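Okay, here's what each chain looks like letter by letter:
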Amino acid sequence: VGYTSYPDNVVYQFCKQAKQSGMDVFRVFDSLNYVDNLLLGMDAVHQAGGVVQGEVCYTGDVCDAAKGSKYDIDYYLRIADQLVNKGNTHVLGIKDMAGLLKPAAATKLVSALRKEFPNVPIHVHTHDTAGTGVASMLAALEAGADVVHGAIDSMSGTTSQ
């Protein structure tokens, strides 16, 4: 719905109105990966009849997760499991909103998700903040992503929206 908190009824009404107005795919994400918020948004989209793309927001580096780091591969697999099995997502998304997903990390993360969820489409989104966006999307595709897209600096001057 937006980058702020809304009452639950507003989320449900927004999804209903957006679907009636022609929106079909809803990318549902929470920048902190707070699963309760994600599940509510996903339920609102389901009730409206839309296509749910449950998103896991990426941060850190799964290839260099320090011992005890929150952002290791298991962290992302646990969230994805909840989006797939509790939220009934139609598409599993990786949202690299800061352009931190490097090629090796894209390979590791997408490969792990593909192994765990072989029948769920995987969509990876990035911004080219660090200049590795194109290489990371190629790595994601080679690892089994079904769809990739991003904002590249030749179009935006770095991050863009």
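Up top you'll find the structure we're talking about.
No experiment lies behind these values; they were computed from the predicted model shown.

### Considering the side chain of glutamate 55
Topologically, glutamate 55 is positioned in strand β2 (residues 51–57). For glutamate 55, the side chain forms a polar contact with the side chain of arginine 27, separated by 3.1 Å. Of note is the side chain of glutamate 55, whose polar atom sits 2.5 Å from the side chain of glutamine 53. Those residues in contact with glutamate 55 that sit more than four places away from it in its chain are Arg27, Val28, Phe29, Asn33, Leu38, Leu83, Gly93, Ile94 and Lys95.

### Focus on helix α4 (residues 103–116)
Across its 14 residues, α4 extends 20 Å between first and last C-alpha, which sits within 8% of the 20 Å expected from 1.5 Å per residue. Within α4, the full set of buried residues consists of Ala105, Ala106, Leu109, Val110, Ala112, Leu113 and Arg114. Contacts made by the buried residues of α4 are with α3 (73–85), β3 (91–96), β4 (122–127) and α5 (133–143).

### Comments concerning a nonpolar patch on the surface
Together, Val134, Leu138 and Leu141 line one region of the surface with nonpolar side chains, adding up to about 260 Å² of accessible area. Within the secondary structure, leucine 141 is located in helix α5. On the accessibility criterion, leucine 141 (38% relative accessible area) is partly exposed.

### Points about α5
Residues of α5 that are buried include every one of Gly133, Ser136, Met137, Ala139, Ala140 and Ala143, and no others. The arc that holds the buried residues of α5, viewed along the axis, is 160°, so those residues lie on one side. Of the residues one or two after α5, glycine 144 is the one with positive phi, at around 120°.

### Examining the environment of isoleucine 94
The topology assignment puts isoleucine 94 in strand β3. Residues isoleucine 94 and valine 148, 54 residues apart in the sequence, show an inter-C-alpha distance of 9.4 Å. Every residue in contact with isoleucine 94, bar those within four places of it in the chain, is listed here: Glu55, Val56, Tyr58, Leu109, Val110, Leu113, Ile122, His123, Val124 and His125.

### Description of the packing of helix α1 (residues 8–20) against helix α2 (residues 35–48)
Contact pair α1 / α2: the axes reach a minimum separation of 8 Å and the direction vectors enclose 40°. Crossing of α1 against α2: the hand is right-handed. Residue-level contacts link Asp8, Val11, Tyr12, Cys15, Lys16 and Lys19 of α1 to Leu40, Gly41, Asp43, Ala44, Val45, Gln47 and Ala48 of α2. Of the residues assigned to the contact of α1 with α2, the class counts are 7 nonpolar, 2 polar and 4 charged.

### Let's talk about the pairing of β3
Within β3, 6 of the 6 residues are buried, leaving the element largely enclosed by the surrounding structure. On β3, burial covers both faces: Val91, Gly93 and Lys95 on one face and Leu92, Ile94 and Asp96 on the other are all buried. When β2 meets β3, the two strands line up parallel, connected through 5 bridges. If you follow glutamine 53 over to β3, its bridge partner there is valine 91. Chirality of the crossover, the property in question, places the unit of β2, α3 and β3 among those that are right-handed. Strand direction decides the pairing type here: β3 and β4, joined by 5 bridges, are parallel. By the bridge assignment, glycine 93 is partnered in β4 with histidine 123.

Conventions adopted
- Residues numbered from 1 in each chain as written.
- Predicted model: local features only at pLDDT ≥ 70, side-chain atom pairs only at ≥ 80, totals over all residues.
- Heavy atoms only, no water.
- Helix = DSSP H or I, 4+ residues; strand = E, 2+ residues; numbered from the N terminus.
- Polar contact = N/O pair within 3.5 Å; in protein donor to acceptor, adjacent residues only side chain to side chain.
- Contact = heavy atoms within 4.5 Å.
- Expected span 1.5 Å × (residues − 1).
- Buried < 20%, exposed > 50% of the residue type's maximum accessible area, 1.4 Å probe, protein only.
- Patch = residues over 30% accessible without salt bridge, like charges linked within 9 Å, V, L, I, M, F, W, Y side chains within 5 Å.
- Areas by Shrake-Rupley, 256 points an atom, 1.4 Å probe, with all protein chains shown as cover.
- Salt bridge = Lys/Arg side-chain N within 4 Å of Asp/Glu carboxyl O.
- Arc of directions from axis to C-beta.
- Axes fitted to C-alpha atoms, helices over the stretch in contact; angles between N-to-C directions.
- Left-handed = near helix turned anticlockwise from the far one by under 90°.
- Nonpolar A, V, L, I, M, F, W, Y, C, P; charged D, E, K, R; others polar.
- Pairing = 2+ DSSP bridges.
- Right-handed = clockwise from strand over helix to strand, strands pointing away.

From the geometry alone we can't say anything about function, so treat these as descriptive.
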